[in-house]
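Understanding the architecture of this molecule
So you can see what is in the structure, the chains are spelled out below.
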Amino acid sequence: MNKLNVVLFLCNWGPHAAFQTLQDQKAPIPEEIRMVRVPCSGRVTRALILKCFEMGADGVLIAGCESGSCRYGTGNSAALTRIDHMRRVLHLLGVGSDRLRWGGFLPDDAPGMMAFLEGFCHDLRRLGKTPIVPPAPAEERPVTEAAVASLLKRHDIYACQDCGKCSSACPLTLTGKPFSPRGLATHLMTGAVNAPEVLNDLWGCITCGLCDDRCPSGVHFPDFIRDLRILHRSGNGPGPEAHGGFFQSLMRTMTSPSLRPNRWEDAADKLEVDPQSPVLFFGGCAPYFDTYFTRFRDVHTEAILHDAIRLLNFFDIRPRVLAEERCCGHDLLWSGDRENFVKLAQLNADSFHAAGIEEIITACPECYHTLTHHYAELGIALPCRVTHLFELADREIAKGAIGFKALGRKATFQDPCRLSRLGKKADLPRKLIGRLALKGFDEMTDRGASALCCGNCAWTGCDRYTKALQLKRLRQAKETGSDLLITACPKCQIHLRCAMEDPFHGNDLAMDMMDLTSLLAKTIQWE
């Protein structure tokens, strides 16, 4: 049996004194234990816990102070909350919630510390190794002028007319951020491939595609940024990932072939699904989002998935759901990790083929764009067609005899970049909104192909400028006089709800938010 690896995060205060007593006494501390001393158990983040499992840990222990003795007052409560969240994540992943444990200790409790360590290791030996395969060390490839020149040529960046329309349209530039698509292109064409300005702009871009929409030369800048990140990541490592890289780690763990996620375990019994159907509903990362962002205002993106299936049921479709569903990999690719994206995409394609899937339906614009575009671009062939839920709903509703219950709300709409701009389907959600029995509907100043992004993509580059962009978007929504903001992407909900937490402006900008899928499912009826 392979040796087990246990990471012990040890609070610097009471727990460390107890552990040091064991060391002084030469106590037989289990050989699986690898101790990491931290200032407080409350400093151990969810990203750090998940990173341990990604890198090969079979179990994680967090030892904090005994209840009521934390030097910082709230360290224990913060740690326990995060552990509760992470046990849920580990369960969803199929790793097992029992591989993470907490203990509280006073300085003189060396016997209790020993029992804690021995008890956990005993239980872990019964569980065995995790199914997660640690990633192989990435081969470092220096970012050279020749490699960048090849990218510039491939994406036709040399066609740039230096007109500045990209920068004048860029929502980040307009918030005051020292960022310019044209400036980045100019730096790279002059050979400054590793200049600080290049790295800042590379990871600061939100890849919303507004520059692409305005470029008279037809330069598709988001795809260039994506491939440039892939190149730089191989030579300079990952860029600044939001939330400590939690979601990138999450997706990398899913590249392990033996992993068996429990993706739909809590929902399948509540929904009308057919385990033999050739039509698959692909949900995406919503359960993980809800667990991670549970402290935000009413984030319930998993409800969108349930409502999507209920809407399919209304159209007499009982889709299949895969209990072992993995993420599509969108965030890995757009944060530069193409190698692991391809691994994840291939596992998904293999699972679709093995299940005999003929059609995939998804309500997530990022999943839809990834499955329909990026898989094929990188040579991953899907054995089925991919349909966005809105396409199916529009087709079914057009058959007639369908109406909607009156909804006494005035609404406006937040366009998802991957559907409205990159996917060129801005009219599709509006056709469905036009069928709803709303009290009124008014567009924001920037809308459709010109809509402002929610402020972030692939969990990279989150800063004060992206926050300013989110606040600007909420102000535009408020200016319409609407009391309901309709979204069509779970991340739009998360980012805009995050902005509503702003201590200075949040209360003035708070408004109800609901995904279009949920609105359709809750109000649709036969006439």
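Below: a short report on this structure. Just so we're clear, the structure is a prediction, and the values are computed from it rather than from any experiment.

With that settled, consider helix H9 (residues 196-204). Within H9, the full set of buried residues consists of Val-198, Asp-201, Leu-202, Trp-203 and Gly-204. Structurally, H9 contributes buried residues whose contacts are with helix H7 (171-174), helix H8 (181-189) and helix H11 (221-236).

Spatial strand order, S2-S1-S3-S4: four strands in an open sheet with parallel pairing. Every interior strand has two partners, whereas the edge strands, strand S2 (33-38) and strand S4 (100-105), have only one. Each neighbouring strand pair of the sheet contributes to a mean axis angle of 20 degrees, computed without reference to strand direction. Examined bridge by bridge, strand S3 (residues 59-65) and S4 share six bridges and lie parallel to one another. Across the sheet, residue Leu-61 finds its bridge partner in S4, namely Arg-101.

Here we come to the side chain of Gln-470. For Gln-470, the position within the fold is in helix H21 (residues 464-479). A relative accessible area of 2% means that Gln-470 is categorised as buried. Apart from the residues lying within four places of it in its own chain, the contact partners of Gln-470 are Cys-454, Gly-455, His-495, Leu-496 and Ala-499.

Turning our eyes to something else, we now look at the packing of helix H18 (residues 389-397) against helix H20 (residues 427-435). Where H18 contacts H20, the two axes come as close as 10 Å, and the packing angle between them is 45 degrees. Here H18 is positioned oblique relative to H20, judged by the angle of their axes. The interaxial crossing formed by H18 with H20 has left-handed handedness. Taken together, the residues of H20 that come into contact with H18 (itself represented by Phe-390, Glu-391, Ala-393, Asp-394 and Ile-397) are Leu-428, Pro-429, Lys-431, Leu-432 and Arg-435. Residue composition of the contact of H18 with H20, grouped by class: six nonpolar, no polar and four charged.

The next subject is the environment of Leu-50. Here Leu-50 shows up in helix H2 (residues 46-54). On the accessibility criterion, Leu-50 (0% relative accessible area) is buried. Spatially, the C-alpha atoms of Leu-50 and Met-86 are 7.9 Å apart, while their sequence positions differ by 36 residues. Residues in contact with Leu-50, not counting those within four places in the same chain, are Met-86, Leu-93, Phe-246, Ser-249, Leu-250 and Thr-253.

Looking now at the nonpolar core. Among the nonpolar cores identified, the biggest contains 104 residues, and Leu-93, Phe-281, Phe-315, Phe-352, Ile-360 and Ile-486 are the most heavily contacted of them. In contact with Ile-486, not counting residues within four places along its chain, are Ala-411, Thr-412, Phe-413, Gln-414, Ile-433, Leu-438, Met-514, Leu-516 and Leu-519. Leu-152, Val-193, Ala-195 and Met-500 belong to the second largest nonpolar core, which has 47 residues in total.

Orientation of H21 relative to helix H22 (residues 490-499), taken along the N-to-C sense of each, is 95 degrees, at an axis distance of 9 Å. As the angle between them shows, H21 and H22 are arranged roughly perpendicular. When H21 is examined against H22, the residues Lys-467, Gln-470, Leu-471, Arg-473 and Leu-474 are found in contact with a partner set consisting of His-495, Leu-496, Cys-498 and Ala-499. When its residues are assigned to classes, the contact of H21 with H22 shows five nonpolar, two polar and two charged.

Basis of the calculations
- Residues numbered from 1 in each chain as written.
- Predicted model: local features only at pLDDT ≥ 70, side-chain atom pairs only at ≥ 80, totals over all residues.
- Heavy atoms only, no water.
- Buried < 20%, exposed > 50% of the residue type's maximum accessible area, 1.4 Å probe, protein only.
- Helix = DSSP H or I, 4+ residues; strand = E, 2+ residues; numbered from the N terminus.
- Contact = heavy atoms within 4.5 Å.
- Pairing = 2+ DSSP bridges.
- Axes fitted to C-alpha atoms, helices over the stretch in contact; angles between N-to-C directions.
- Parallel < 35°, antiparallel > 145°, perpendicular 65-115°, else oblique.
- Left-handed = near helix turned anticlockwise from the far one by under 90°.
- Nonpolar A, V, L, I, M, F, W, Y, C, P; charged D, E, K, R; others polar.
- Core = buried A, V, L, I, M, F, W, Y, C linked by side-chain atoms within 4.5 Å.

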